[in-house]
Amino acid sequence: MNTASHQWPFVIAAYSLVITVTLIALLGSWYQMRRAEKRLMKLNQAKKDSPRKA
């Protein structure tokens, strides 16, 4: 039996794992970026609305 044919399930599993983890990291960072942008917009709005003391 050819030993090279037995490695393909492991190669496919490794690539699947890497792709899945990469997608999770990308989606997680995108979500965190959106949250940070919303917080920044709220902070800027609060600074704009607050009266300045001289």
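See above for the structure.
Figured I'd write up the structure that's included with this text. (Residues numbered from 1 in each chain as written. Predicted model: local features only at pLDDT ≥ 70, side-chain atom pairs only at ≥ 80, totals over all residues. Heavy atoms only, no water.)

### Remarks on the overall build of the protein chain
Then step 1. Tallying secondary structure elements over the protein chain gives one helix and zero strands in all.
Then step 2. Per-residue burial for the protein chain yields a buried fraction of 0% across its 54 residues.
Then step 3. A total accessible area of about 5,600 Å² is found for the protein chain, and carbon and sulfur atoms account for 68% of it. (Helix = DSSP H or I, 4+ residues; strand = E, 2+ residues; numbered from the N terminus. Buried < 20%, exposed > 50% of the residue type's maximum accessible area, 1.4 Å probe, protein only. Areas by Shrake-Rupley, 256 points an atom, 1.4 Å probe, with all protein chains shown as cover.)

### Notes on a nonpolar patch on the surface
Then step 1. Together, Tyr-15, Ile-19, Leu-23 and Leu-26 line one region of the surface with nonpolar side chains, adding up to about 440 Å² of accessible area.
Then step 2. With respect to the helices and strands, the residue Tyr-15 is situated in helix α1 (residues 8-49).
Then step 3. The exposed category is assigned to Tyr-15, whose relative accessible area is 57%. (Patch = residues over 30% accessible without salt bridge, like charges linked within 9 Å, V, L, I, M, F, W, Y side chains within 5 Å. Salt bridge = Lys/Arg side-chain N within 4 Å of Asp/Glu carboxyl O.)

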